[in-house]
Structures are given as structure tokens and as C-alpha cells.
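Structural characterization, general
Chain by chain, the residues run as shown.
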Amino acid sequence: MDIRSIHTIETAENIHIKVELAGLASRVFAFLIDGALMGLLSALVVGLFALWAYVAKVPEIAKTGIPLGSFAVFFGYHLFQEWLWNGRTVGKFLLHIRVVRNNGQAIGFWESLGRNLMRLLDVYVLGVGLLCMMFNRGEKRFGDFIGGTIVINDAKVTKPTYQLSPASALLDAGEFADVRLTAEEAELLKTYLRRRKQFLKPARLRLVEQLCAYFSQRWHRPVSGEPDLDAALAAYQQAQSTSS
């Protein structure tokens with residue numbers, strides 16, 4: 001029996017992608033790892049400011065610096081790592097999970113800020129966020145609702161393989177001169193190919209697989225991946241420019 005929590009993401013191109021949610025256990029263990037590292041960083045901050053105050057013989061340095069430094073570690077540890085490391089912290093990296101937007105794209109500063117503003121309530125005040133996660137399908141804590149995020153399994157995904165004839169190994173725009181694209185299909189391809197680098201790798205591979213399956217059936221010929229999609233769009237644009 002499959003006990004994984006599967007969540008469906010709808011992209012801006014109206015394509016549905018299934019992802020595996022991280023799960024409560026993975027998120028708790030990741031937080032414990034991060035908590036231990038935060039404790040070490042806080043101890044380092046206290047030690048550095050205490051030493052500075054002792055050497056400079058200015059007690060106010062420790063009185064002001066220790067609270068400020070500790071707050072920076074407490075609030076900034078998750079905020080800046082998730083923002084600058086594509087939704088990861090050290091704990092999340094070790095547990096192979098990450099935070100993404102509801103649409104599957106990488107989070108930015110505001111999403112990271114929104115979800116971490118609620119961390120005090122979710123985690124440190126009676127752990128109410130854990131209860132919230134248990135009673136919604138996206139396994140979101142309150143911070144995830146505020147930030148518009150979900151936490152997914154970030155395990156490596158194997159690129160799908162296709163059985164191609166030797167003649168299909170090398171394709172160029174000329175070999176797609178006979179295929180037909182509607183204006184809507186061409187716009188879908190242009191939008192995806194323009195935005196492909198914004199998608200996380202698992203989402204990108206699933207999108208390519210779905211697009212290739214659709215166009216293989218549509219054209220009754222194998223379509224193997226992004227190079228073929230590029231070539232088909234190039235052929236369409238060539239035909240459009242010639243006819244105009």
C-alpha cells in the first residue's frame with residue numbers, strides 16, 4: 001500500500017503535476033537538525049560578543065550585541081537559507097525536502113518571509129502548526145498558508161526514457177515541417193520553453209513527459225524531449241514567417 005502523500009500542482013499552463021509531500025516526520029527531523037545548528041550558532045554569537053566586550057572593556061557591547069545577534073540567528077536562519085537556497089535549509093537538504101510555491105516554482109524572499117513570520121506560533125507556541133498540518137490535505141502549517149507554500153520531497157527523479165528509432169535520434173526543425181500546431185498549442189510551447197528554467201527539476205521533467213506524450217499522439221510520431229519541442233516550435237515559426 002502506498003502511504004505517500006501526493007499533492008497535485010496546477011501550473012500557469014494548466015498542466016497538472018503530482019508531487020510527493022514531505023510528510024510530518026521528515027519536517028520534524030529536519031527542524032531538529034536545524035535547531036541544533038541554531039543552538040551552535042547562538043552559542044558562537046554569545047561567545048564572540050562576550051569576548052569582544054571583555055577585550056574592549058565595554059560591557060554594553062555584550063548587553064546589546066548578544067540579544068541582537070541571537071535574534072538574527074533565531075529569525076534569519078530559516079528565512080535567508082530558504083530564500084537563497086531554493087527552499088532548503090541544512091536540515092531540509094539532509095532530509096531531501098524543500099519548500100516551493102503552491103504552483104511548484106522556487107520561493108522568493110516574500111514567500112520565505114511570510115512562512116517564517118508564523119514560525120513562532122507554528123513551532124514554538126505549543127506546536128499548533130503540527131496540528132494544522134495533520135488536518136489539511138496539503139500538510140501545511142499556518143506559515144505555509146501565509147506564504148503560499150508547500151513542502152515537498154526533493155529526491156532525485158530519473159529522467160524518463162523513450163524508445164526511438166535510429167532515424168529519430170537526430171531531429172531538426174526541417175523534420176517537423178509537416179507537423180501542425182494550433183495557435184493555442186504554439187503559445188503553450190512558447191510559454192513553457194520561455195519559463196522552463198524557473199521550474200524545479202522534478203516538475204520540469206514531468207511537464208516535458210506530458211508534453212511529449214501529448215504531441216506524440218497528436219502527430220503520430222515519437223517526440224523525445226525538449227530539443228524536439230524546440231524544433232517543432234521553430235518549424236511552426238518558420239512556416240508562419242514564410243506565409244506572412
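Residues numbered from 1 in each chain as written. Predicted model: local features only at pLDDT ≥ 70, side-chain atom pairs only at ≥ 80, totals over all residues. Heavy atoms only, no water.

Here we look at the overall build of the protein
Secondary structure assignment for the protein yields 10 helices and 4 strands. Secondary structure elements of the protein occur, N-terminal to C-terminal, as β-β-α-α-α-β-α-α-α-α-β-α-α-α. Within the span of the protein, comprising 244 residues, buried residues form 41% of the whole. Restricting to contacts in the protein with at least 6 residues of sequence separation, those with at least 24 account for 66%. (Helix = DSSP H or I, 4+ residues; strand = E, 2+ residues; numbered from the N terminus. Buried < 20%, exposed > 50% of the residue type's maximum accessible area, 1.4 Å probe, protein only. Contact = heavy atoms within 4.5 Å.)

Description of unusual backbone geometry
Trans peptide bonds make up the majority, and among non-glycine residues the majority have a negative phi. Of note, N86 is a non-glycine position whose phi angle comes to about 50 degrees, a positive value. Mapped onto the secondary structure, N86 falls in the loop between α2 (59–84) and α3 (90–95). Taking the relative accessible area as the measure of exposure, N86 reaches 39% and is therefore partly exposed.

Topic: the environment of E10
Here E10 lies in strand β1 (residues 6–10). The spatial distance from the C-alpha of E10 to the C-alpha of N103 is 6.1 Å, given a sequence separation of 93 residues.

Observations concerning the nonpolar core
With 26 residues, the main nonpolar core has I150, L181, Y192, F215 and W219 as its most contacted residues. Residue assignment for this core shows that the elements contributing at least two residues are β2 (16–20), β4 (149–153), α8 (183–195), α9 (201–219) and α10 (226–243). Looking at which element gives the most residues to this core, the answer is α9, with 7 residues. Excluding anything up to four places from it in sequence, L181 contacts A186, L189, F215, R218, W219, A232, L233 and Y236. A22, V99, I107 and V151 belong to the second-largest nonpolar core, a separate cluster that totals 6 residues. (Core = buried A, V, L, I, M, F, W, Y, C linked by side-chain atoms within 4.5 Å.)

Focus on the pattern of salt bridges
Once their charged atoms are close, side chains differing in charge can pair, the charge on each being opposite to the other. Across all of its chains, the model carries 12 salt bridges by this definition. Among the ionic pairs, R119 bridges to E82, the shortest N-O distance being 3.7 Å. Residue R119 is located in helix α5 (residues 119–124), and its partner E82 is located in helix α2; the two are separated by 37 residues in the primary sequence. As far as burial versus exposure is concerned, R119 and E82 are alike and both buried. D154 is the salt-bridge partner of R98, the closest N and O atoms lying 3.1 Å from each other. Residue R98 is located in strand β3 (residues 97–101), and its partner D154 is located in the loop between β4 and α8; the two are separated by 56 residues in the primary sequence. We classify R98 as buried; its relative accessible area is 7%. For D154, a relative accessible area of 15% gives the class buried. When salt bridges that share partners are traced, they join R27, E82, K92, R115, R119 and D144 into one network. (Salt bridge = Lys/Arg side-chain N within 4 Å of Asp/Glu carboxyl O.)

What to know about the packing of helix α1 (residues 24–56) against α2
Packing of α1 against α2 leaves a shortest axis separation of 9 Å and a crossing angle of 160 degrees. The orientation of α1 with respect to α2, classified from their angle, is roughly antiparallel. Crossing geometry of α1 relative to α2 is assigned as right-handed. Along the lines of polarity and charge, the residues of the contact of α1 with α2 split into 18 nonpolar, 5 polar and 1 charged. (Axes fitted to C-alpha atoms, helices over the stretch in contact; angles between N-to-C directions. Parallel < 35°, antiparallel > 145°, perpendicular 65-115°, else oblique. Left-handed = near helix turned anticlockwise from the far one by under 90°. Nonpolar A, V, L, I, M, F, W, Y, C, P; charged D, E, K, R; others polar.)

Quick look at a nonpolar patch on the surface
On the surface, a nonpolar cluster with roughly 800 Å² of combined accessible area is contributed by L24, V28, F29, L32, L130, L131, M134 and F135. Counting residues per element, the ones that place at least two in the nonpolar patch are α1 and α6 (128–134). Per element, the largest residue contribution to the nonpolar patch is 4 residues, and it comes from α1. The residue L32 is located in helix α1 in this model. (Patch = residues over 30% accessible without salt bridge, like charges linked within 9 Å, V, L, I, M, F, W, Y side chains within 5 Å. Areas by Shrake-Rupley, 256 points an atom, 1.4 Å probe, with all protein chains shown as cover.)

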